[in-house]
Amino acid sequence: MHDLNSVNNQVDIARLEMTYDVVIVGSGPAGASAAKALIGSGLDVIIIEKCSLKRDKMCSGVILPSAREFLAENYDEIPEHVFTEPRLIKGSRCVSTNNLQGQVVTCPALDLGETLPNPEHGFNVDRAEFDYWLCKESGALLVDNCLFVDCKQNGHDISVRVNHEDSYCKIKTKFLIGADGPISRVRRSLFPDLDKTLNWIALYEEHYEATIDLEPEWQYWILDPVTFGSFSHKDNILHLNATASRAETAKKTLSRFVEFLQERHGLKIGKTTMKRGIVMNDMPYRESYCLGNGNILLVGEAAGFVRALDGITSALVTGKAAGESVLKSLQSGLTPLQHYGEHSLVQAEWKICKEVQPRLGELGFVFG
Amino acid sequence: MSYTITDDCTHCGSCADECQIKAIKKDNHNYTIDQVVCVECGACFYVCDAGAITTGQ
């Protein structure tokens with residue numbers, strides 16, 4: 001097991017160019033969970049991350065009941081410094097740009113759609129701290145500023161080419177786990193033409209020092225005739241995001257949502273502290289999951305797993321399944337992919353994702 | 001944080017390949033980022049070997 005106490009997660013090229021048993025690409029919940037499942041196996045595991053750690057990510061950062069249950073079963077208690085205020089999110093509420101009275105409606109939770117709002121609905125966390133804590137819990141070597149470029153398979157050996165601190169080098173490994181999100185470079189390395197068949201969706205977010213006439217203890221969804229967005233509070237900063245549609249760009253939609261919230265819900269904006277976005281695809285809606293190939297597995301959003309608007313739970317669950325599948329393959333002689341596809345957690349996740357996606361439409365979410 | 005392609009660009013096209021929402025366009029020989037379409041996800045920034053993509057507020 002490697003020392004994870006180094007602050008900057010930097011290693012020299014010589015250490016990076018060693019042979020590892022498992023290379024995990026991406027330091028989010030999916031990669032961290034895969035690494036944790038490999039703890040104690042004696043395997044050398046390395047997580048590579050393209051960003052500088054600790055890296056933040058555009059996300060509501062609400063740990064919903066299903067993810068909380070997974071964490072309670074598999075991890076120690078979440079440390080205090082990971083939480084943001086308000087610490088507990090009571091549930092989801094919706095406002096609509098069509099509703100000129102500014103009505104606020106409570107809606108079911110969006111993970112399994114069956115958890116009613118309650119005082120212990122969700123934990124409000126800082127994604128940079130949360131993801132970093134998950135990785136540290138895994139005990140794997142964690143290297144940042146390390147971009148996965150591509151990989152080549154030669155029999156049972158995989159050569160992973162990375163760019164680390166502006167230098168290219170190769171890492172040899174037996175198993176590779178792509179936990180690198182919707183624009184997965186591992187997936188593209190395996191299936192170069194797949195991305196072109198997907199529909200891509202842009203989301204844009206801004207953070208403000210702001211006040212609004214709505215309770216901060218709720219996560220709010222903005223329903224709109226052509227798209228949707230959301231906002232939430234984190235340590236007195238309002239995070240507001242919007243999803244692009246065919247009708248308009250994400251930035252234009254966000255401007256419209258700002259005007260709506262100013263007019264109907266008393267939004268008053270001071271300083272803007274952050275502007276950023278993410279890109280997602282429609283794999284979850286097509287049910288076109290992509291689990292990998294042989295000794296290379298894809299987990300979380302890289303594989304297409306998202307429970308409606310909750311990616312964290314799917315990431316944790318499928319990451320664990322991938323780690324366990326690698327271990328099983330060492331004993332069985334079968335490939336990890338064979339075990340992964342049949343893993344009870346993956347089978348259950350398929351079922352849940354299929355059940356949850358249509359509920360978004362029923363709740364009034366429009367994908368334009 | 002907004003992203004801009006500078007004169008250090010080597011015209012390799014990696015950034016345009018990475019941008020799934022087609023915010024990076026090639027005009028004659030030069031690649032530019034459409035700031036209206038771009039959502040500032042940073043995907044292009046990490047794949048630019050030439051360090052030609054800079055960030056601003």
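The rules behind these values
- Residues numbered from 1 in each chain as written.
- Chains lettered and ligands numbered in written order.
- Predicted model: local features only at pLDDT ≥ 70, side-chain atom pairs only at ≥ 80, totals over all residues.
- Heavy atoms only, no water.
- Phe/Tyr/Trp six-rings, centres within 6.5 Å; stacked < 30°, edge-to-face > 60°.
- Helix = DSSP H or I, 4+ residues; strand = E, 2+ residues; numbered from the N terminus.
- Buried < 20%, exposed > 50% of the residue type's maximum accessible area, 1.4 Å probe, protein only.
- Lys NZ or Arg CZ within 6 Å of the ring centre and 35° of its normal.
- Core = buried A, V, L, I, M, F, W, Y, C linked by side-chain atoms within 4.5 Å.
- Pairing = 2+ DSSP bridges.
- Contact = heavy atoms within 4.5 Å.
- Axes fitted to C-alpha atoms, helices over the stretch in contact; angles between N-to-C directions.
- Parallel < 35°, antiparallel > 145°, perpendicular 65-115°, else oblique.
- Left-handed = near helix turned anticlockwise from the far one by under 90°.
- Buried area = accessible area lost by both parts, 1.4 Å probe.
- Salt bridge = Lys/Arg side-chain N within 4 Å of Asp/Glu carboxyl O.
- Polar contact = N/O pair within 3.5 Å; in protein donor to acceptor, adjacent residues only side chain to side chain.

## A few points about the packing of aromatic side chains
Then, in step 1: Overall, the coordinates contain 13 aromatic pairs over all chains when judged by the stated rule.
Then, in step 2: Consider the rings of Phe228(A) and Phe367(A), whose centres lie 5.1 Å apart with planes at 70 degrees: the pair is edge-to-face. Pair noted here: Phe228(A) is in strand S14 (residues 228-234) and Phe367(A) is in the segment after helix H11 (344-362), with a separation of 139 residues, a long-range link.
Then, in step 3: Looking at Phe228(A), the relative accessible area reads 5%, which means it is buried.
Then, in step 4: For Phe367(A), a relative accessible area of 39% translates into the label partly exposed.
Then, in step 5: Centroid distance Phe45(B) to Tyr46(B): 5.3 Å. Interplanar angle 85 degrees. Geometry classified as edge-to-face.
Then, in step 6: The rings of Trp221(A), Phe228(A), Tyr285(A), Phe365(A) and Phe367(A) are connected pair by pair, giving a single aromatic cluster.
Then, in step 7: Of note, Arg68(A) hangs over the ring of Phe123(A), and the distance from its end group to the ring centre comes to 3.9 Å.
Then, in step 8: Its guanidinium or amino end placed over the ring of Trp218(A), Arg93(A) lies 3.8 Å from that ring's centre, counting from NZ or CZ.

## Quick look at the nonpolar core
It is characteristic of soluble globular proteins that their nonpolar side chains tend to be buried jointly.
Residues and elements named next belong to chain A.
Then, in step 1: Counting 114 residues, the largest nonpolar core has Phe130, Leu176 and Phe231 as its most contacted members.
Then, in step 2: Tallying contributions element by element places helix H9 (residues 312-332) first for this core, with seven residues.
Then, in step 3: In terms of nonpolar packing, the next biggest core, distinct from the first, is built from 10 residues, Ala308, Ile352, Leu360 and Phe365 among them.

## Structural notes on the environment of Ala140(A)
Then, in step 1: Examined against the element boundaries, Ala140(A) turns out to sit in the loop between helix H4 (127-138) and strand S8 (141-143).
Then, in step 2: Distance from Ala140(A) to Ala32(A), taken between C-alpha atoms, is 8.5 Å for residues 108 residues apart in sequence.

## A look at the sheet that holds strand S7 (residues 122-125) of chain A
Residue and element names in this part refer to chain A.
Then, in step 1: Strand order in the open sheet made by the three strands is S3-S7-S4, with antiparallel pairing throughout. Both outer strands of the open sheet, strand S3 (62-63) and strand S4 (83-89), are each paired with one neighbouring strand and no more.
Then, in step 2: Bridging between S3 and S7 involves two bridges; their strand directions are antiparallel. Bridge pairing links Ile63 to Phe123 in S7.

## With respect to the environment of Ile33(B)
Residue and element names in this part refer to chain B.
Then, in step 1: One can find Ile33 in strand S3 (residues 30-33).
Then, in step 2: Exposure remark for Ile33: the relative accessible area of 12% places this residue in the buried category.
Then, in step 3: Once you skip the residues sitting within four places of it in the chain, Ile33 turns out to touch Tyr3, Thr4, Ile5, Ala23, Ile24, Cys38 and Cys44.

## Brief notes about unusual backbone geometry
Then, in step 1: Leu53(A) connects to Lys54(A) through a cis peptide bond whose omega is 5 degrees.
Then, in step 2: Residue Pro86(A) is reached from Glu85(A) by a cis peptide bond, and omega for that bond is -5 degrees.
Then, in step 3: A positive phi angle, close to 60 degrees, is found at Glu40(B), a residue other than glycine.
Then, in step 4: Position of Glu40(B) relative to the elements: it lies in the loop between S3 and helix H2 (43-47).

## Some remarks on the packing of helix H2 (residues 29-37) of chain A against H4(A)
All names here are of chain A.
Then, in step 1: Where H2 contacts H4, the axes come no closer than 7 Å and their chain directions differ by 15 degrees. The angle between H2 and H4 places the two elements in the roughly parallel class. For the element pair H2 and H4, the recorded crossing hand is left-handed. Judged by residue contacts, Pro29, Ala32, Ala35 and Lys36 of H2 engage Arg127, Phe130, Asp131, Leu134, Cys135, Glu137 and Ser138 from H4.

## Things to note about the interface of chain A and chain B
Then, in step 1: Every contact between the two is made by 21 residues of chain A and, on the other side, 16 residues of chain B.
Then, in step 2: Here chain A and chain B share an interface that buries about 1600 Å² over both sides, 56% of which is from carbon and sulfur atoms.
Then, in step 3: The residue Glu18(B) makes a salt bridge to Arg185(A) at a minimum N-O spacing of 2.7 Å.
Then, in step 4: Where chain A packs against chain B, one counts nine residue pairs in polar contact (both at pLDDT 80 or more).

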